[in-house]
Amino acid sequence: MRMLSQEEEHDDSAEVTWEDQQRINTFSKLNTRLRSIEEKIQELKTEKEALDDISMELELADEDEPIMYRIGEAFIHMPHPRAVKRLEKDLAALNAELEKCTSSAEECEKQMKELKVILYAKFGRAINLDE
């Protein structure tokens, strides 16, 4: 990494037009949305791991014993077969949500990449779009 010279640092040759400002604002919004989606994906992955662990535990559990199953903030007693079905349903819903978030993240990244190309082409080193 090298330091920029004074001339390079204060290169104001590119004028920021209204369209450029809109692109910069859009990039910023997409970046914020992407960070939010990535946090949500992490939460969903953690929850998926927990459900996978519960699935393994239910395979080992006695089928005659009622199961304490969490629904929201409460735990409810339910028969083993019903708990297994509920777990499968919850796991399918979680996978669908994870897929939706992943596709949203990919779409944000695609749009951000397109904006980066346009903005770096015009402003060069005068703009920083990386983290």
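Just so it is clear, the structure is predicted and the values come from calculations on it, not from any experiment.

**Student:** A description of the overall build of the chain should follow, citing residues and the corresponding values.
**Tutor:** When its secondary structure is counted, the chain shows three helices and two strands. Mapped from its N terminus to its C terminus, the chain presents α and β elements in the order α-α-β-β-α. For a compact globule of 131 residues, the expected C-alpha radius of gyration is about 14 Å, and the chain comes in at 24 Å, more than 25% above that figure. Considering only C-alpha atoms, the chain reaches an extent of 80 × 30 × 20 Å along its principal axes. By the burial criterion, 21% of the 131 residues in the chain qualify as buried. Of all intrachain contacts in the chain linking residues separated by at least 6 positions in sequence, the fraction that spans at least 24 positions is 65%. Carbon and sulfur atoms form 52% of the exposed surface of the chain, whose accessible area is close to 10100 Å².

**Student:** Tell me what's going on with the nonpolar core, and back it up with residues and numbers.
**Tutor:** Judged by nonpolar contacts, the single largest core of 25 residues is most densely connected at Ile 37 and Ile 41. For this core, the leading source of residues is helix H3 (residues 80-123), giving twelve residues. Apart from residues no more than four positions distant in its own chain, Ile 41 is found in contact with Leu 98, Cys 101, Thr 102 and Ala 105.

**Student:** Residue-level account of a negative patch on the surface, with values.
**Tutor:** Taken together, the side chains of Asp 62, Glu 63, Asp 64 and Glu 65 present a region of like negative charge at the surface. Within the fold, Asp 62 resides in the loop between helix H2 (18-60) and strand S1 (67-71). Looking at Asp 62, the relative accessible area reads 42%, which means it is partly exposed.

**Student:** Please provide a residue-by-residue account of H3, values included.
**Tutor:** The end-to-end C-alpha separation of H3 is 62 Å, in line with the 64 Å expected for 44 residues at 1.5 Å each. Positive phi shows up at Gly 124, right after H3, with a value of about 60°.

The rules behind these values
Residues numbered from 1 in each chain as written. Predicted model: local features only at pLDDT ≥ 70, side-chain atom pairs only at ≥ 80, totals over all residues. Heavy atoms only, no water. Helix = DSSP H or I, 4+ residues; strand = E, 2+ residues; numbered from the N terminus. Rg over C-alpha atoms; globule rule 2.2 N^0.38 Å. Buried < 20%, exposed > 50% of the residue type's maximum accessible area, 1.4 Å probe, protein only. Contact = heavy atoms within 4.5 Å. Areas by Shrake-Rupley, 256 points an atom, 1.4 Å probe, with all protein chains shown as cover. Core = buried A, V, L, I, M, F, W, Y, C linked by side-chain atoms within 4.5 Å. Patch = residues over 30% accessible without salt bridge, like charges linked within 9 Å, V, L, I, M, F, W, Y side chains within 5 Å. Salt bridge = Lys/Arg side-chain N within 4 Å of Asp/Glu carboxyl O. Lys, Arg positive; Asp, Glu negative; His and termini not counted. Charge placed at Lys NZ, Arg CZ, Asp CG, Glu CD. Expected span 1.5 Å × (residues − 1).

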